[in-house]
Amino acid sequence: MNDANAPIAVICAMESELSHAVKCLDGRSSLLLGPWSAERGVLGKRPVIALASGIGLVNAAAATAVLLAGVRPCAVINFGCAGAHNEKIFPGDVVIGSEVVAYGSLITLPDGSERYAGFRYRLNGQVTLTDLLRADRELLRRASDAARDWEPDAWPAARTGARTPMVHTGVIGSADCWTQDPQRIGVLHDRHHSLCEEMEAAAIAQVCAIYEVPMLAIKDISNNELHSATEHSDAGPSLAEVSGELGARSFALVKRIIASFDS
């Protein structure tokens, strides 16, 4: 990670999220990685590669694997938006992922109860089983330091209980699910102590573990279904009114982390 010539990779799900990173890169150029087009440039003094994987675990895993095989960055930071798993976490808040869990990895037992199955992957010829994947300690330290004197921008949408956005550190949950049922959110929070859910971090973390590349996930909160359900239509879930805000705050913290490598 201390190799100044090796890029830091930043991965998000959506092009709208990627735009927050791309506009910060100097000397930008495109890089084709199989079916993905990444943007590379310099942020401060550090080379950076920015990539939108597409939404979901499969897209995230495939894009990360292609990136790590083709470029071999010194670290990967996953950023983007997420839904809260705690009623005290509001839109505009930022979650630093100390750990990630794949909360959709389940065994449904004969009586209908569930058992969390965790991660299973092969590393150096050995099968690894683990309930969670931890953030790289150095990246987590840098994130904590970068957040210490930083305050995320206020969320523009009016909401009950509005307050100054906060930074939290804890578990990020991933699955190809959007959970709106408060009871189910409570089950997931109790099972994993999760602060939020999204659809990419666990897959990116697992691929990074296989390649032995340091990884950290940072998410900004776009919705809290415990307060009010996000509207759905035939076209799918919608956060259209705040689409320009998604990923903005998490990347603002990522930018501060990357700047710390210059000091």
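Residues numbered from 1 in each chain as written. Predicted model: local features only at pLDDT ≥ 70, side-chain atom pairs only at ≥ 80, totals over all residues. Heavy atoms only, no water.

A. Here's a closer look at the overall build of the protein chain. Scanning the protein chain from N- to C-terminus turns up six helices and 16 strands. Relative to a compact globule of 263 residues, whose C-alpha radius of gyration would be 18 Å, the protein chain shows 18 Å and is just as compact. Along the three orthogonal principal directions, the C-alpha set of the protein chain runs to about 50 × 50 × 35 Å. For the protein chain, the residues scored as buried account for 50% of the 263 residues in total. Sequence separation of 24 or more characterises 76% of the internal contacts of the protein chain that already satisfy a separation of 6 or more. Accessible surface for the protein chain amounts to roughly 12200 Å². Of this, 50% is attributable to carbon and sulfur atoms. (Helix = DSSP H or I, 4+ residues; strand = E, 2+ residues; numbered from the N terminus. Rg over C-alpha atoms; globule rule 2.2 N^0.38 Å. Buried < 20%, exposed > 50% of the residue type's maximum accessible area, 1.4 Å probe, protein only. Contact = heavy atoms within 4.5 Å. Areas by Shrake-Rupley, 256 points an atom, 1.4 Å probe, with all protein chains shown as cover.)

B. Looking closely at the nonpolar core. Counting residues in each nonpolar core, the largest one holds 43 residues, and the members touching the most others are Val76, Val100 and Phe119. For this core, the leading source of residues is helix α5 (residues 201-211), giving eight residues. Excluding anything up to four places from it in sequence, Val100 contacts Phe119, Leu132, Leu133, Ile172, Ala201, Ala202, Ala205 and Ala217. In terms of nonpolar packing, the next biggest core, distinct from the first, is built from 34 residues, Val22, Val48, Ile218 and Phe261 among them. (Core = buried A, V, L, I, M, F, W, Y, C linked by side-chain atoms within 4.5 Å.)

C. How the structure looks around the packing of helix α3 (residues 137-148) against helix α6 (residues 248-260). Taken N-terminus to C-terminus, the directions of α3 and α6 make an angle of 110 degrees; their axes are 9 Å apart at the nearest point. Judged on the interaxial angle alone, α6 and α3 are roughly perpendicular. Considering how the two elements wind past one another, α3 and α6 form a crossing that is right-handed. Of the residues in α6, those in contact with Arg142, Ala143, Ala146 and Ala147 of α3 are Leu253, Arg256, Ile257 and Ser260. (Axes fitted to C-alpha atoms, helices over the stretch in contact; angles between N-to-C directions. Parallel < 35°, antiparallel > 145°, perpendicular 65-115°, else oblique. Left-handed = near helix turned anticlockwise from the far one by under 90°.)

D. Looking closely at the pattern of salt bridges. For the structure on display, the rule yields 12 salt bridges. The residue Asp149 makes a salt bridge to Arg256 at a minimum N-O spacing of 2.7 Å. On the criterion of sequence distance, the pair formed by Asp149 in the loop between α3 and β12 (167-174) and Arg256 in helix α6 is long-range, its members being 107 residues apart. The class for Asp149 is exposed, based on a relative accessible area of 62%. The exposure class of Arg256 is partly exposed, given its relative accessible area of 30%. Lys219 is the salt-bridge partner of Glu198, the closest N and O atoms lying 2.9 Å from each other. Of this pair, Glu198 sits in strand β13 (residues 194-198) while Lys219 sits in strand β14 (residues 215-223), and the two are 21 residues apart along the sequence. Taking the relative accessible area as the measure of exposure, Lys219 reaches 1% and is therefore buried. Among the charged side chains, a network of salt bridges with common partners joins Glu138, Arg141, Arg142, Asp145 and Arg148. (Salt bridge = Lys/Arg side-chain N within 4 Å of Asp/Glu carboxyl O.)

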